[in-house]
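Reading the structure
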Amino acid sequence: MSTRDLVLSALFAAIIVALGLLPPISLGVIPVPITAQSLGVMMAGVVLGGKRGALAALIVVLLVAIGLPVLSGGRGGLAVFAAPTAGFLIGWIFAALVTGYMSELLVKPEQSSIAQGIGFFIASVAGGVVVLYAFGIAYLALAAHIDLSKAFFGSLAFVPGDVVKAVVAALVGRAVMAGYPLLPQRG
């Protein structure tokens, strides 16, 4: 990786951390709060691509592991990895990776603005919702000792908010592609 790649990944790690300053919202259905940080993960994928986006999410996970309070609500440390929400945290890495790679496949500079936005949205939903929920729900069921179906149906309450985040990530990806055409050289 070049210095530019590392700097961009660190920048998006900082964006993910900054989005953690917004307080978490708990629905009370399951012990997983709504946070804005998953939006940062989706944005890292659509703007930086698979490798750099995953690196940005990995940096945040490592910051959590060494004890820095970078998660929403000021949480951090190894205890976070024992909580029922740890699957979502680990899933950030893979969500950014899939979102980024799908963006690379679906979005090309020669496409229309609408086609690019739709491509970014599909990539954000696939990585930032489907992949993230696969990790999060599986670990939630395991850690909370509940049925997979109960964890799945309890998590459905979060899908509308995450779809809105995917729309925002798609708009950001499109804006970056239009305003900074050299930045998203993701391949």
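We now turn to the structure provided with this report. (Residues numbered from 1 in each chain as written. Predicted model: local features only at pLDDT ≥ 70, side-chain atom pairs only at ≥ 80, totals over all residues. Heavy atoms only, no water.)

Quick look at the pattern of salt bridges now. In a structure, side chains of opposite charge can pair up when their charged atoms sit close to one another. Following the criterion strictly, the structure yields two salt bridges and no others. Residues Lys165 and Asp162 are paired through a salt bridge, measuring 3.1 Å at the closest nitrogen-oxygen approach. A residue pair is termed a helical-turn pair when its members lie 3 or 4 positions apart in one helix, as Lys165 and Asp162 do in helix α7 (residues 159-179) at three residues. Look at Lys165 and you get buried, because its relative accessible area is 12%. (Salt bridge = Lys/Arg side-chain N within 4 Å of Asp/Glu carboxyl O. Helix = DSSP H or I, 4+ residues; strand = E, 2+ residues; numbered from the N terminus. Buried < 20%, exposed > 50% of the residue type's maximum accessible area, 1.4 Å probe, protein only.)

Counting 44 residues, the largest nonpolar core has Phe12, Leu89, Trp92 and Tyr133 as the members making the most contacts within it. Mapped onto this core, the elements with two or more residues apiece are α1 (3-19), α2 (37-48), α3 (50-65), α4 (86-106), α5 (113-144) and α7. Of all the elements, α2 adds the most residues to this core, at eight residues. Leave out the neighbours within four places in its chain, and Leu89 touches Val61, Val64, Leu71, Val80 and Phe81. (Core = buried A, V, L, I, M, F, W, Y, C linked by side-chain atoms within 4.5 Å. Contact = heavy atoms within 4.5 Å.)

Turning next to a nonpolar patch on the surface. Residues Leu105, Leu106, Ile114, Ile118 and Ile122 make up a contiguous nonpolar surface patch of about 500 Å² in total accessible area. Going through the elements one at a time, α4 and α5 are the ones with two or more residues in the nonpolar patch. Looking at the nonpolar patch, the element that brings in the most residues is α5, giving three residues. Looking at the element boundaries, Leu105 is found in helix α4. For Leu105, a relative accessible area of 67% translates into the label exposed. (Patch = residues over 30% accessible without salt bridge, like charges linked within 9 Å, V, L, I, M, F, W, Y side chains within 5 Å. Areas by Shrake-Rupley, 256 points an atom, 1.4 Å probe, with all protein chains shown as cover.)

Now for the environment of Asp147. Considering the arrangement of structural elements, one finds Asp147 in the loop between α5 and α6 (148-155). Residue classification places Asp147 among the exposed positions, given a relative accessible area of 55%. Along the sequence, Asp147 and Gly91 sit 56 residues apart, while their C-alpha atoms lie 20 Å from each other.

Turning to the environment of Gly45, a few remarks are in order. Relative to the elements of secondary structure, Gly45 occurs in helix α2. Accessibility expressed as a relative area gives 0% for Gly45, which makes it buried. Sequence spacing of Gly45 and Gln116 is 71 residues, and the spatial spacing of their C-alpha atoms is 14 Å.

If you trace the backbone, Asp5 turns up in helix α1. Here Arg52 takes part through its side chain, which lies 3.0 Å from a polar atom of the side chain of Asp5. (Polar contact = N/O pair within 3.5 Å; in protein donor to acceptor, adjacent residues only side chain to side chain.)

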